[in-house]
Every structure is written in structure tokens, then in C-alpha cells.
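Next come the chains, spelled out residue by residue.
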Amino acid sequence: MASPASPGASLGTLSSAARERLRRAAGILAHVCGLALCMKRYIEKSRAEEWALFYLNMKNHSANELLFTVTDFSKYNLSKNFEKLKTLLFIQPKQRSQENLREIQQCLKKNRSFCSLPNEVQLQLCQTAIYQEFEAESMVLRQGHAPLECYFILAGRLRVVSNTTNKNKNSNSDILSEFEEGDFIGEICLLTNSSRPTSVLCETNVKLLVVSKEDFHCILEQRVQEQYQEMCSFLRNLPLFSSWPKEKIDFLVHCSLCRYYRAGTTIISDNLKSCFLVFVTSGRCLVIAQINYEKISVPSWVMKIDSSTLKHFHNGLPSRGTSGITGKSLERSTVFPKTSFSAARKTTLNTKNPQHQGSSPAACFVKIRILEQGGMFGLEETVDKSCDLHLCLISQGAECIFIPKNLFLAQASTENRRAALELVSTYPTEEAIQEHLAKEQVWNEYKARLLAQHLNTRSRATGTAHFCF
């Protein structure tokens, strides 16, 4: 007869069974959690969703936008090495090695403002600057606060607003300016030791390289001081601002942008939608008018503009037009026939015969003016609302200052506005341009026929002479 199991053995058996049940439950829970995580990753990175979004974007914007971003293929695109840069900048400044500094510098050289600095200044910033991120609608700088930092914008877009805009973040009426990747902001207040005159909000998620007040005074102050004095001197020497007091000039400089555009880049795609006055500080720009192509026949052999010139513009930047320019209203026009301008913007330019969204308006582009140092673009429609000619500004290698129109109108007195109106050099009307182009077309066709006749007569004479020989 078997002896009964001892109490200790019974407890050990029960403990083993409980452990087995716990192990099975844990395995099932782990399996469920793994499935949940896999499903979450699938939802977040679903290729079907990505292709659906791509297809919808292609369907909606194939007629008026590029299906890729040109900057993605630029050597100045910072996003390619951004994760590496982010990892390097997370290293404590005092712990960064010389190799770390060289790698940080190599990545940051794709930033427009950073690469303009001397090499030794770049290395000093790589040693001391830190990385910071802000979500959309966050406030980076608050009006009235004391300045503690300045920023290089690595990615994203920001807008400069007044106090009234802060109450309603969706309002665009008081947006004074816009910043984008490659801009340097907040340095003027550190230089002048004055409180922030405006607030800066994130329009998108923003990534910043932060320079502290102490590092600014040690590394950047002298260079910023020189640029600040040059900009103030340039504006004071313009007839438009010659009577403005120093404090207003300083405020203009604080809210303005200074950028260089390589030749062929579109600076402003539509003057009637631009919120900036543009001043050429060096180099030259072309003022191009868009004319309805259906109203005038342009010969196909007339010199055409490269369509990519009109497509390369800074989202830039700020794009939403001229005075002080001597010369004829329509200097020997160059006609750029039937090129769709919609690839460089999202709205239709022709307001008289509006096109359906997605369609390409029939248009030709005519060079009507050249702006050189001191030239202004955007003043006519700012002070004289009767201007309805659609113009764009194309760089031929120029550095420009952008001043918000809202800011100019808010700071300009009645006398300033009257003086500005006197400085405006009126553009020709669309009818005058069409008449000029029609005459030029007749002349070009006459020259072509005359040349063809001359060549035919000469070829026949040469052929006869050769036969006789």
C-alpha cells in the first residue's frame, strides 16, 4: 500500500504548476503585446497609406506642382545627415572631441547662415551651441522679454507676429515676417541689449541651433555688429527711409531678412501675393511680367526662358512690385512664351480669367525692368492699390533685404507714404505691353522673311555660279 504524499511534496507540486501557469500567461501576454506593437508600427508606417497619400498628392497637384522637392536633391539639404547631426549635438559641449567638431561643422555647412561664417567662428559655434526642438504653434521668442539666446534655423518655418496676433494664432493680418531654414534670428536684440519687439511662433515643427547670450558676445558680436551697421546705413541712404528716425530704422532691421539668391532663382513669384518689400543691396534682378498668351501670338522661334528658372523659388522664404529705377518703362522686352508658371506657386495668377485649380494658364513672360543696387520691388502695389499687373522677381545673382509690407505701412507716417508714392516708378499697363509685343512680333516676322529671302537669293546665285564653273 502506497504511503500518502507528504505535505512538503504536495506544496512543491502546486508551486511548480503555478509557475507553469504563470509562464504560459506571461507568454500569451508577451505575444499579444508583440502583436499590438507590430500593428501599431504597421499603422504608423503602412506602405499602403504612404502610396495612397502619394497618389492623392500626385492627382491633386500634378498640374501645378512638382511631384518632388528640388531641395531634396541639393547638396545643401541638411535633412540627409540630420540624425547624425542631432546625435552629435546631444553630446555635452565640454565633452565634444575635435573629431566631433569637424563632423558637426561638415553637417552645418549646408546651413546658409552658418556657412557664411569664417572657419574659426564655425568651429567655436560647434563647440558651444546646443540643439533644441519646438512643436508647431510653440512660441520661440516672446514680445517684451529680455534676450537670452539667438538661433540658427536648421529646419522648419516660423512667423513674426505682434501681440494682437497672439490672441488669434490663425490670423494672418498681423504677421510681420517669416523665417525658414537657413535664417539666423534673435541676434539684433542681443547686440542692442533691448527687449524683444515682436514674438516668433513656429508655423511647423522647428529644429534650432541655439547660441547663448554669453557665447554670442564672445563669438558673433563683432560680425553681427558690422552687418547691422551696413544694413542700417543702406536703408538710411535710400530716399524712401531718409527721413525716418533711428528707432524706426532699428525696428525695420530687426524684422527684416537679408538673403543671397543665386542667378536664375525666383525671389518673388507674384507681387500681388507677396507680403514683402524687396530691396536689392548688391547684384541685379529681373522684373518679369506675366501676360495672357491667348491675347497675343508670340513666334515660336523667340528666345525662350528656361522653365526651371521660374520653378526655383525659397518657400522659403517669404513670397507674396519697383521704384527708383531709371530708364524706359519697357526696355527692349524679352518675351518668354507660353511657360506654365503654376509650378512655382499654388494659386492662379490671371485674375481676369480665373482658371480651374490644377489647370495651367496660357501665359508668356516679359522682362520689363532690371533692378540693380538700391532698386525696390513691391512698393507700387503697397502704396497704390490700382496696380494689378502680375510680376515676379528673378535673381541674376543678388543679395536682397526683405521688409514686411505690414510693418512699413504701420511705421510710415502720412508724409512718408506721400513721399513713397512720389518715388514710385509706374509700370506699363498690360495693354501697353501687349501693344509693344505685337509691334515687336511684326518686326521680328519681317526680319525673318527678309533674311529668308536674302538667303534663298544668295543660295540660288551661288548654285548658278557653281554650275557655270
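Values in this document were obtained by computation on a predicted structure and should not be read as measured data. (Residues numbered from 1 in each chain as written. Predicted model: local features only at pLDDT ≥ 70, side-chain atom pairs only at ≥ 80, totals over all residues. Heavy atoms only, no water.)

1. Observations regarding the environment of Ser-97
For step 1, the next point in the chain: Structurally, the position occupied by Ser-97 is in the loop between α3 (82-89) and α4 (98-108).
For step 2, the next point in the chain: Remark: the alpha-carbon pair of Ser-97 and Gln-127, spanning 30 residues in sequence, is separated by 8.8 Å.
For step 3, the next point in the chain: Polar contacts involving the side chain of Ser-97 include one to the side chain of Asn-100, which spans 3.0 Å. (Helix = DSSP H or I, 4+ residues; strand = E, 2+ residues; numbered from the N terminus. Polar contact = N/O pair within 3.5 Å; in protein donor to acceptor, adjacent residues only side chain to side chain.)

2. Here we look at the sheet that holds strand β8 (residues 206-212)
For step 1, the next point in the chain: Spatially, the 4 strands line up as an open sheet ordered β1-β8-β3-β6, and their pairing is antiparallel. The strands lining the two open edges of the sheet, one partner per strand, are β1 (130-134) and β6 (184-185).
For step 2, the next point in the chain: Here strand β3 (residues 149-155) pairs with β8 via 6 bridges, running antiparallel. When the sheet's bridge partners are listed, Cys-150 is paired in β8 with Val-211.
For step 3, the next point in the chain: Along the sheet, α3 makes contact with β1, β3 and β8, crossing β1 at roughly 120°. (Pairing = 2+ DSSP bridges. Contact = heavy atoms within 4.5 Å. Axes fitted to C-alpha atoms, helices over the stretch in contact; angles between N-to-C directions.)

3. Focus: the side chain of Ser-177
For step 1, the next point in the chain: Within the element layout of this structure, Ser-177 appears in strand β5 (residues 175-179).
For step 2, the next point in the chain: A distance of 3.5 Å separates a polar atom in the side chain of Ser-177 from the backbone oxygen of Cys-255.
For step 3, the next point in the chain: Beyond its immediate stretch of four places on either side in the chain, Ser-177 contacts Leu-158, Arg-159, Val-160, Cys-255, Leu-257, Phe-276 and Pro-404.

4. Here we look at the side chain of Asp-215
For step 1, the next point in the chain: Its place among the elements puts Asp-215 in helix α9 (residues 213-237).
For step 2, the next point in the chain: It is Arg-96 that comes nearest to the buried, bridge-free Asp-215 among opposite-charge side chains, at 8.6 Å.
For step 3, the next point in the chain: Here the side chain of Asp-215 touches Ser-212 through a polar contact of 3.0 Å, side chain to side chain.
For step 4, the next point in the chain: With sequence-adjacent residues up to four places away left out, Asp-215 is seen in contact with Thr-128 and Leu-220. (Buried < 20%, exposed > 50% of the residue type's maximum accessible area, 1.4 Å probe, protein only. Lys, Arg positive; Asp, Glu negative; His and termini not counted. Salt bridge = Lys/Arg side-chain N within 4 Å of Asp/Glu carboxyl O.)

5. Regarding the pattern of salt bridges
For step 1, the next point in the chain: Scanning the model with the defined rule gives 10 salt bridges in all.
For step 2, the next point in the chain: Residue Arg-259 pairs with Glu-180 through a salt bridge whose shortest N-O separation is 3.5 Å. Remark: Glu-180 occurs in the loop between β5 and β6 and Arg-259 occurs in strand β9 (residues 257-261); sequence separation between them is 79 residues. Accessibility classification places Arg-259 together with Glu-180 in one group, the buried group.
For step 3, the next point in the chain: In this structure, Lys-246 engages Asp-250 in a salt bridge whose closest nitrogen and oxygen atoms are separated by 2.7 Å. You can see Lys-246 and its partner Asp-250 sitting in helix α10 (residues 246-255), 4 residues apart, about one turn around the helix.
For step 4, the next point in the chain: Take Asp-250: its relative accessible area is 17%, and that puts it in the buried class.
For step 5, the next point in the chain: Through salt bridges that share partners, Arg-112, Glu-180, Asp-183 and Arg-259 make up one connected network.

6. What to know about the packing of aromatic side chains
For step 1, the next point in the chain: As enumerated under the stated definition, the model contains 11 aromatic pairs in all.
For step 2, the next point in the chain: A centroid spacing of 5.0 Å and a plane angle of 85° characterise the contact between Phe-241 and Trp-244, whose relative ring orientation is edge-to-face.
For step 3, the next point in the chain: Judged by its relative accessible area of 6%, Trp-244 falls in the buried class.
For step 4, the next point in the chain: Here the aromatic rings of Phe-241 and Phe-408 are separated by 6.2 Å at their centres, their planes lie at 85°, and the arrangement is edge-to-face.
For step 5, the next point in the chain: Under the relative-accessibility criterion, Phe-241 is labelled buried at 0%.
For step 6, the next point in the chain: With a relative accessible area of 0%, Phe-408 lands in the buried category.
For step 7, the next point in the chain: Joined through ring pairs, the aromatic side chains of Phe-241, Trp-244, Phe-279 and Phe-408 make up one cluster.
For step 8, the next point in the chain: A cation sits over an aromatic face here: Lys-248 above Trp-244, 5.7 Å from the ring centre. (Phe/Tyr/Trp six-rings, centres within 6.5 Å; stacked < 30°, edge-to-face > 60°. Lys NZ or Arg CZ within 6 Å of the ring centre and 35° of its normal.)

7. What to know about the sheet that holds strand β4 (residues 158-161)
The strands making up a sheet are joined through hydrogen bonds of the backbone, oriented either antiparallel or parallel.
For step 1, the next point in the chain: Pairing within the open sheet is antiparallel, and its 4 strands lie in the order β2-β7-β4-β5. At either end of the open sheet lies a strand with only one pairing partner, and these are β2 (139-141) and β5. The average undirected angle you get between the axes of adjacent strands in this sheet is 30°.
For step 2, the next point in the chain: As paired elements, β4 and β5 share 4 bridges and run antiparallel to each other.

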